[in-house]
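# Structure assessment
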Amino acid sequence: MKQAIMIGAGNIGRGFIGALLEKSGWHVTFADVAENLISAINQRKSYTVHIQDRKCAQWTVENISGISSAGPELVEAIAGDCQLITTAVGLRILPIVAKPIAAGIQARKAAGNTQLLNVVACENAVRGTSQLRDAVYSHLNEEELAYAKEYVGFADCAVDRIVPKASFENPLDVAVEQYTEWDVEKAGWKGERPDIQGLGWVDNLDAYLERKLFTLNSGHAICAYLGSLKGHRTIVESIADPAIGDVVYQAMRESGEGLIRKFSFDPDTHHAYIDRIFARFQNPFLEDETQRVAREPIRKLAPSDRLMKPLVTADSYGLPVDHLIFGGAAALHFNCSEDTQSVELMQKISSAGVEKALETYTGLTPDTPLFGRILDVYRALALARQ
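This write-up is about the structure you can find in this document. If you're wondering where the values come from, they're calculated on a predicted model, not measured in any experiment. (Residues numbered from 1 in each chain as written. Predicted model: local features only at pLDDT ≥ 70, side-chain atom pairs only at ≥ 80, totals over all residues. Heavy atoms only, no water.)

### Observations concerning the packing of aromatic side chains
- This model, assessed by the stated rule, comprises 8 aromatic pairs.
- On the basis of an interplanar angle of 70° and a centroid distance of 5.1 Å, the ring pair of Tyr249 and Phe278 is categorised as edge-to-face. With a gap of 29 residues between them, Tyr249 in helix α9 (residues 242-263) and Phe278 in helix α10 (residues 267-280) connect regions that are remote in the sequence.
- Taken together, the ring pairs in this structure connect Tyr208, Phe263 and Phe265 into an aromatic cluster.
- The ring of Trp59 has Lys23 sitting right over it, with the charged end atom 3.9 Å from the ring centre.
- Here Arg211 stacks its cationic end above the ring of Tyr273, 3.8 Å away from the centre of that ring. (Phe/Tyr/Trp six-rings, centres within 6.5 Å; stacked < 30°, edge-to-face > 60°. Helix = DSSP H or I, 4+ residues; strand = E, 2+ residues; numbered from the N terminus. Lys NZ or Arg CZ within 6 Å of the ring centre and 35° of its normal.)

Below is the structure:
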């Protein structure tokens, strides 16, 4: 039986990646530092994944076991007949798990193990696997590095699934939304590519990373900033407001046209993707608060992030951006005393003016048409609040 190690037994590890692997015929060994979690996995030997969406469902995950990721068990498991390592631990923890992965690779080499092993970091980060690979390589000598490059694949991926807040009698049970996306780049994989439910193999991961940024991240942010302005507490409330819902949907369509031009996406396929993402915002089980989603407006206003990059890309092709404009304009209004970036943004606007803030944080200059258009909408939103 195919053997996978899922480093990180949290909600994403159990409800998303680990569940899809088990559903596809793999034995999944969960590795985690939480001893109570690993103990529960070995005692109960199963858990239920609850789909909480507009249509609900559930299935049982049974072919599992658990080990500590803090001791020798993880190295021993990697050194054995493991064929796949996945992670869901957070970008900050990757350098920590790199050490036992490297030790496992060293043990495989010492044992003369030439079975191919692949590693996929399933993190909410850009090319997290490449970052993990570099950290693993730093622990290997020249001969071990040559072995790893021949027998160990490191495939970057993009992942997308939201975990609603929920509690169950079995502490291992987990709730997830219906939607799932797991795109793995072919180039980094070693050997035959397995058929795993919910996993798509892609040639150019950058296109899919930008698709998520331009669609999910952009639409989510615009909805949050407009919803916050109107006093809506959650994304579900905001998207149900016709004035907001229409702007968000049309903005996603506008950014989509830019993506279609840039990456030659099939228009019908991409429009269907937009519709699926828009439907996710309406999931009543996702208690996403507008204030949480809107946090860190300075980061989200940056030229390479979810508000400006879709806007500038679509505009560069001469496409309409009448609704995308609302993202940057509404973000400039986000006032939250508990968010340090919001505080900085408000202080900048108060001391230097909104024009200087727009130029400083977005990279746009006053001589560009987009600069003036954002300011026009910013002022219109201010008038609407009075």
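### So, the packing of helix α4 (residues 94-110) against helix α5 (residues 128-137)
- The geometry of α4 relative to α5 is characterised by a closest axis approach of 8 Å and an angle of 60° between their N-to-C directions. Judged by the inter-axis angle, α4 sits oblique to α5. Crossing handedness for the pair α4 and α5: right-handed. Contact with α4, carried on its side by Leu94, Pro95, Val97, Ala98, Ile101, Ala102 and Ile105, involves Gly128, Leu132, Ala135 and Val136 of α5 and no other residues of that element.
- Across the contact of α4 with α5, the residue classes tally to 10 nonpolar, 1 polar and no charged. (Axes fitted to C-alpha atoms, helices over the stretch in contact; angles between N-to-C directions. Parallel < 35°, antiparallel > 145°, perpendicular 65-115°, else oblique. Left-handed = near helix turned anticlockwise from the far one by under 90°. Contact = heavy atoms within 4.5 Å. Nonpolar A, V, L, I, M, F, W, Y, C, P; charged D, E, K, R; others polar.)

### Points about the pattern of salt bridges
- Considering all chains together, one arrives at 20 salt bridges under this definition.
- Of the charged contacts, one joins Lys109 and Glu143 as a salt bridge, the two residues approaching to 3.9 Å between their closest N and O atoms. With Lys109 in helix α4 and Glu143 in helix α6 (residues 142-151), the pair connects residues that are 34 residues apart, well separated along the chain.
- Using a relative accessible area of 58% as the deciding quantity, one classes Glu143 as exposed.
- The partner of Arg127 in a salt bridge is Asp156, with the nearest N and O atoms 3.1 Å apart. Here Arg127, found in the loop between β7 (117-121) and α5, pairs with Asp156, found in the loop between β8 (152-154) and β9 (157-160); they are 29 residues apart in sequence, far enough to count as distant.
- Arg127 gets classed as partly exposed once you look at its relative accessible area, which sits at 21%.
- In this structure Asp156 comes out as buried when scored by relative accessible area, which is 5%.
- The network of salt bridges with shared partners includes Arg127, Asp156, Glu185 and Asp206. (Salt bridge = Lys/Arg side-chain N within 4 Å of Asp/Glu carboxyl O. Buried < 20%, exposed > 50% of the residue type's maximum accessible area, 1.4 Å probe, protein only.)

### Re helix α7 (residues 205-229)
- Over its 25 residues, α7 extends 35 Å from the first C-alpha to the last, a length consistent with the 36 Å expected when each residue adds 1.5 Å.
- The largest bend in α7 is about 30°, located at Ser218.
- With 22 of 25 residues buried, α7 is to be regarded as a mostly interior element.
- In this structure Asn204 caps α7, since a side-chain oxygen of it lies 3.1 Å from the backbone nitrogen of Asp206.
- Trailing α7 by a residue or two, Gly231 shows a phi angle of about 85°, which is positive. (Expected span 1.5 Å × (residues − 1). Bend = angle between axes of the 7 residues up to and from the residue. Polar contact = N/O pair within 3.5 Å; in protein donor to acceptor, adjacent residues only side chain to side chain.)

### Digging into the environment of Leu332
- With respect to the element layout, Leu332 can be found in the loop between α14 (325-331) and α15 (340-352).
- For Leu332, a relative accessible area of 0% puts it in the buried group.
- In this structure, the C-alpha to C-alpha distance between Leu332 and Ser228, residues 104 residues apart in sequence, is 12 Å.
- Setting aside residues up to four positions removed in sequence, Leu332 forms contacts with Leu301, Leu345, Met346, Ile349, Val354, Leu358, Ile374 and Tyr378.

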